[in-house]
Amino acid sequence: MITVTMKHFLPPLCLLGSLLRALTQCPVHTSEFQLEGDYLIGGLFDIHHVDGPVHHDKPEAIDCASQPLILSSYRRFQLMRFSVEEINNSTNLLPNVSLGYEIFDHCSDIQNFPGILNLISVNGLIQPWGEPQKNLSSVSKVIAVVGPFSSTETLTVAPLFMMNLIPIVSYGAASSAFSEKVKYPSFLRTVHSNKDVIEVIVNIILHFNWRWVAFLNSDDEFGIDGQELFIKRIKDTEICLAYTKGLNDYTNYSKIFRQIEAQRVNIIIVFVPKMTAEPLIESAIQLNVTNKVWIAGDTWSLNKKLPKEKGIRNIGTVLGVSQPVVTIPGFSNFIYSFKSQTHCENAGQQFCNQFCNCSNLSAEDIISMDPSFSFPVYSAVYSIANAIHSVLQCGAGTCNDNITAYPHMVLAELKKSNFTLLNQSIQFDENGDPKFGFYSIIFWNHSGDTEEVGFYKFNPSAHFFINKTKIQWFTDREAPTSVCSPECPVGHAKKQDGIHKCCFNCEICLNGTYVNSTEDPYKCIDCKETEWSAEGSASCNLRVVEYTPFTDSEAILIMVGAWALVGLTLAMSVLFAINYNTPIVRSAGGPMCFLILGCLSLCSLSVFFYFDKPTVSFCILRLLPFILFYTVCLACFVVRSFQIVCVFKMAAKFPKLYSWWIKYHGQWLVITGAFVIQALFLLIGYSCGPPKPYNETRWYPDKIILSCDMGLKANSGPVILLLSLCSLCFIFSYMGKDLPKNYNEAKAITFCLLLLILTWIIFSTVHVLYRGKYIQTLNAFAVLSSLFSFLLWYFLPKCYIIIFQPHKNTQQYFQGLIQNYTKTISQ
């Protein structure tokens, strides 16, 4: 609690300082800082600014008037005075109610608290927050406060106003932290937050396709907040922050520019107050920094001094984000009228530090100053006045005298603000941020003036525009570029090099992959199974689907061949049946011939399922009939070749084995066993992994060959059994190669097996080298050749003898052959 002692001590101390100053200089009359009225509005303006830390040998109030004067802030200070005077002279807004003000030169954010404490005091005392208020009239002597300007100043003083919900309407504090209503419930502002300024800056960068940027910010609440918002905003963009640095009074600008140059950064975003921007740009000129694009924040983009500095064009091109320059009607006349008054009214001051040695300023000096944040000051005062208007229920030329306005009541009406001021609808959102206004995009032209080249409108929806033709680049015609790595050629993916995604190497996308630069330029994406792409592609193409239809000429020929085989087996069966008891039929196998011919016919069923689009049933039937019934055929030939060898060579040596073979019909046991075993193999294999349709995509990048995945594990058992039978058959038949020429069934079987082996060797070789759509046709042809090899080279000669050489189909002829062979063996 501020004690009574302080109450009596501080004002005399300040008054003494005021009187001493009055003896040496001419202070501005008291009304410049104070104005009596029914309701007081506080004002916090940094008319002077403390450059660095102020050291004292003893406790004393800071002497603001001894610090450098900020003309743009002084202009805003006068604008508040003008706004209050304009409202008081109006009979519409607050009739029969006068507004007063008490404005303080807030020259330091950490050593200038007497003015703040004076605003929240009641009769020189500050009520502790822990003590209950006895009546609302003791809350404070001001109804609301306009200001302060900077985020750091606001961050320091705002909490002092929040507890008693005294509205504070800032015209310059842009930090996003003030949007948190839990911490700042009575804070509003008429300037857009840093978030909006950063949004405009990022849109400028994206518009010119700049990717490699530096961000220089002031080392305070305003600058740090802007840096954090910028990093967050560019997270999901192609923009990379190559360099960032916080600037303060001790910054080594030479080192900063060397580091920026080392990073090859051409775009420099400067998010600092005016007082920090000026030494930065002046250092860039002195250090001969060239060929850069400077993006200025709204705090210094309309600077009047820098665009006219000698050598400013050498540093490059300066773009900026600024609040639109709104002409305040009557303000110039107010300044001229004010400056024409006598400036030496030594009436004394009611509070210390309220001096401005500004007598040497002309009206033109004030009017021509940086107009930034003029409308935010003007709208802040009018927002408070309109809120008081609503609280006092003003209308029809009068206000309700029975109502007394208190800060919390004004705050409630401020939040509901909805009025028109200079053709702009003044409203605040739920966070106390403005819902009105827009940003201009400006360019510092070669004449030393700021020129508007675009805009960014927020409401009702975001709208961004830049007229690039108005900008005079340091590169003459084309906008400069700023990238860490040049863009990759079409069909190349970026491979990040280092921590920045903007720095990368380019790698070509291989066959079957492509890169979509708009979605993910850092990855080669695999094409779908139904698509293909060449090396270095940016998209995929549909594959051509190929298969052999039933209507294909080759397919028709093979199916005709299959039907021909069926017809031949049927004809041979009839011929053999007619000549069943002849020696030639009995030597060919007798009843076994009919089994072999029947199985060959059934095997031919597989041929028909090699054509058209494969299905699960088609894939199964491609192999099942052939493997199952061809097993029976081979088993029959194994038995047949074994019997031939046994009859002529083994009967004499193994009589018991021969008699057992005859007694138990060993040939039929072997055939039946082979059939059963093969059936079990197929059942087990197809149950575990049946053949299924398969799209062959690896051999031809632009085609899909429809085929069947036969399954190696499922078919390995049946194939091994077939190979075993084939091997046994070949062994037995080869053992009987020296039998009589006209009675040598073994030679015929051996020749058929050789043709069979040769057929599948040829097919396997072709299958390794070729996987096109005709591989299915070749597979069907190999199956058909396997069937015709036995039909033509084993059965057809016997049919020829039966039909054309009947004299060789007699018992006497066969006995003569056997006798001659026996004599030859005995000799």
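Here, every reference points to the structure presented above.
The present account deals with the structure reproduced in this document. A quick note: this is a predicted structure, and the numbers were derived from the prediction, not measured.

### Remarks on the overall build of the chain
So, step 1. A tally of regular secondary structure across the chain gives 22 helices and 25 strands.
So, step 2. Within the span of the chain, comprising 827 residues, buried residues form 50% of the whole.
So, step 3. Counted over contacts in the chain with a minimum sequence separation of 6, partners at least 24 positions apart contribute 71%.

### Some points on the state of the cysteines
So, step 1. As enumerated under the stated definition, the model contains eight disulfides in all.
So, step 2. Disulfide pairing places C484 opposite C503 at an S-S distance of 1.9 Å. Between C484 and C503, the disulfide has an S-S torsion of 105° and is therefore right-handed. Residue C484 is found in the loop between β16 (463–466) and β17 (492–496), and its partner C503 is found in the loop between β17 and β18 (504–508); the two are separated by 19 residues along the sequence. Each member of the pair, C484 as well as C503, carries the same accessibility label: buried.
So, step 3. The partner cysteine of C509 in its disulfide is C524, sulfur to sulfur 2.1 Å.

### A short note on the packing of helix α11 (residues 374–391) against helix α12 (residues 407–415)
So, step 1. Between α11 and α12, the shortest axis-to-axis distance is 8 Å and the interhelical angle comes to 110°. Taken together, α11 and α12 sit at an angle that is classed as roughly perpendicular. Residues S383, I384, A387, I388, S390 and V391 of α11 touch α12, and the partners they reach there are M409, V410, E413 and L414.
So, step 2. In terms of residue class, the contact of α11 with α12 is made up of seven nonpolar, two polar and one charged.

### Looking at unusual backbone geometry
So, step 1. Cis geometry is adopted by the peptide bond preceding P148, which originates at G147 and carries an omega value of -5°.
So, step 2. Along the polypeptide, P148 turns up in the loop between β4 (144–146) and α4 (151–162).
So, step 3. Within the chain, N209 stands out as a residue other than glycine whose phi angle is a positive 60°.
So, step 4. Along the chain, N209 falls in the loop between α5 (194–207) and β7 (212–218).
So, step 5. Although it is not a glycine, N291 sits at a positive phi angle of roughly 55°.
So, step 6. Mapped onto the secondary structure, N291 falls in the loop between α8 (274–286) and β10 (292–296).

### Some points on the packing of aromatic side chains
So, step 1. Summed over all chains, the structure comprises 41 aromatic pairs.
So, step 2. Through pairs of rings, three or more aromatic residues link up here, namely F576, F626, Y630, F637, W760, F763, F790, Y794 and F795.
So, step 3. Looking at R76, its charged tip hangs above the ring of F149, at a distance of 4.4 Å from the centre.
So, step 4. Positioned above the aromatic ring of Y794 is the side chain of K798, whose terminal nitrogen or guanidinium carbon lies 4.1 Å from the ring centre.

### Some words on helix α6 (residues 221–233)
So, step 1. Taking 1.5 Å as the rise per residue, α6 with 13 residues should run 18 Å; its terminal C-alpha atoms sit 18 Å apart, in good agreement.
So, step 2. Burial in α6 covers these residues: F222, G223, D225, G226, Q227, L229 and F230.

### Looking at the environment of I231
So, step 1. Mapping I231 onto the fold places it in helix α6.
So, step 2. Judged by its relative accessible area of 41%, I231 is partly exposed.
So, step 3. Each C-alpha atom, one on I231 and one on L241, is 7.5 Å from the other, the two residues being ten residues apart in sequence.

### Looking at empty space enclosed by the protein
So, step 1. Inspection of the entire model under this criterion finds three cavities of 30 Å³ or more.
So, step 2. Its boundaries defined by the atoms lining it, the largest cavity holds a volume of some 180 Å³.
So, step 3. Around the largest cavity, the lining comprises 19 residues; the ones closest to its centre are Q323, P324, F375, P376 and F438.
So, step 4. Of all elements in the fold, only α11 and β14 (438–444) reach the threshold of two or more residues within the lining of the largest cavity.

### Side note on the environment of L796
So, step 1. With respect to the helices and strands, the residue L796 is situated in helix α21 (residues 775–804).
So, step 2. What makes L796 partly exposed here is its relative accessible area of 39%.
So, step 3. Considered as a pair, L796 and T569 are 227 residues apart in the sequence and their alpha carbons are 9.9 Å apart.
So, step 4. Each residue touching L796, except ones within four places of it in the same chain, is listed here: M572 and L791.

### Focus: the pattern of salt bridges
So, step 1. Across all of its chains, the model carries eleven salt bridges by this definition.
So, step 2. D433 is paired through a salt bridge with R189; the nearest N and O atoms lie 2.7 Å apart. Here R189 lies in strand β6 (residues 187–189) and D433 lies in the loop between β13 (424–426) and β14, a separation of 244 residues in the sequence.
So, step 3. Residue classification places R189 among the buried residues on the basis of a relative accessible area of 0%.

### Regarding the environment of M275
So, step 1. Mapped onto the secondary structure, M275 falls in helix α8.
So, step 2. Taking the C-alpha atoms as reference, M275 lies 9.3 Å from H49; in sequence the two are 226 residues apart.
So, step 3. For M275, the residues in contact, after removing those within four places along its chain, are H49 and I70.

### Some details on the sheet that holds β4
So, step 1. Strand order in the open sheet made by the six strands is β1-β3-β2-β4-β5-β6, with mixed pairing throughout. The open sheet is flanked by β1 (34–35) and β6, the only strands paired with a single partner.
So, step 2. The strands that α4 touches are β2 (39–45), β4, β5 (168–170) and β6; relative to β5, the one it contacts most, it runs at about 155°.
So, step 3. Contacting β2, β3 (99–105), β4 and β5, α11 crosses the sheet at an angle of about 170° to β4.

### With respect to a nonpolar patch on the surface
So, step 1. Nonpolar side chains collect at one region of the surface, where L568, F751, L792, W793 and L796 lie side by side and expose about 430 Å² of accessible area between them.
So, step 2. Counting residues per element, the nonpolar patch draws most heavily on α21, at three residues.

### Thoughts on the nonpolar core
Side chains of nonpolar character tend, in soluble globular proteins, to be buried together.
So, step 1. Within the largest apolar cluster, 95 residues are counted, with the highest numbers of intra-cluster contacts made by I204, W210 and F230.
So, step 2. Looking at which element gives the most residues to this core, the answer is α11, with eleven residues.
So, step 3. In terms of domain composition, this core takes at least three residues from each of domain 1 (31–49 + 68–124 + 140–191 + 371–435) and domain 2 (194–322 + 446–470).
So, step 4. In this view, W210 contacts I204, I205, I239, I267, V293, I295, L319, W473, P480, T481 and S482; residues no more than four positions away in its chain are not counted.

### A word on the packing of helix α15 (residues 591–603) against α21
So, step 1. Running from N to C, α15 and α21 cross one another at 150°; their axes reach a closest spacing of 10 Å. Of the possible angle classes, the one that applies to α15 and α21 is roughly antiparallel. The element α15 and its partner α21 pack so that their crossing is left-handed. The segment α15 lies against α21, with C593, I596, L597, L600 and C603 engaging L787, F790, L791 and F795.
So, step 2. Its residues assigned to classes, the contact of α15 with α21 shows nine nonpolar, no polar and no charged.

### Quick word on the pairing of β10
So, step 1. When you tally the buried positions in β10, you get five out of five residues, the bulk of the element.
So, step 2. Taken together, strand β9 (residues 267–271), α8 and β10 form a β-α-β motif whose crossover is right-handed.

### Some points on the sheet that holds strand β25 (residues 703–709)
So, step 1. With mixed pairing, three strands are arranged side by side in an open sheet as β23-β25-β24. Two strands bound the open sheet, and with one partner strand each, they are β23 (544–546) and β24 (692–696). On average, each strand axis in the sheet is tilted by 30° relative to the strand beside it, whichever way the strands run.

### What about the pairing of β2?
So, step 1. Extensive coverage of β2 is indicated by the burial of seven of its seven residues.
So, step 2. Of the pairings in the sheet, the one linking β2 to β3 comprises seven bridges and is parallel in character. Bridge pairing in β3 links F45 to D105.
So, step 3. Both β2 and β4 contribute to a ladder of three bridges, which runs parallel. In the strand pairing of β4, G42 is matched with V145.

Conventions we followed
- Residues numbered from 1 in each chain as written.
- Predicted model: local features only at pLDDT ≥ 70, side-chain atom pairs only at ≥ 80, totals over all residues.
- Heavy atoms only, no water.
- Helix = DSSP H or I, 4+ residues; strand = E, 2+ residues; numbered from the N terminus.
- Buried < 20%, exposed > 50% of the residue type's maximum accessible area, 1.4 Å probe, protein only.
- Contact = heavy atoms within 4.5 Å.
- Disulfide = S-S within 2.5 Å.
- Axes fitted to C-alpha atoms, helices over the stretch in contact; angles between N-to-C directions.
- Parallel < 35°, antiparallel > 145°, perpendicular 65-115°, else oblique.
- Nonpolar A, V, L, I, M, F, W, Y, C, P; charged D, E, K, R; others polar.
- Phe/Tyr/Trp six-rings, centres within 6.5 Å; stacked < 30°, edge-to-face > 60°.
- Lys NZ or Arg CZ within 6 Å of the ring centre and 35° of its normal.
- Expected span 1.5 Å × (residues − 1).
- 1 Å grid on protein atoms, 1.4 Å probe; cavity = no way out; pocket = protein on both sides within 12 Å on 5 of 7 lines; lining within 4 Å.
- Points joined across faces, edges and corners; volume = space filled by probe spheres on them.
- Salt bridge = Lys/Arg side-chain N within 4 Å of Asp/Glu carboxyl O.
- Pairing = 2+ DSSP bridges.
- Patch = residues over 30% accessible without salt bridge, like charges linked within 9 Å, V, L, I, M, F, W, Y side chains within 5 Å.
- Areas by Shrake-Rupley, 256 points an atom, 1.4 Å probe, with all protein chains shown as cover.
- Core = buried A, V, L, I, M, F, W, Y, C linked by side-chain atoms within 4.5 Å.
- Domains from an automatic or database assignment.
- Left-handed = near helix turned anticlockwise from the far one by under 90°.
- Right-handed = clockwise from strand over helix to strand, strands pointing away.

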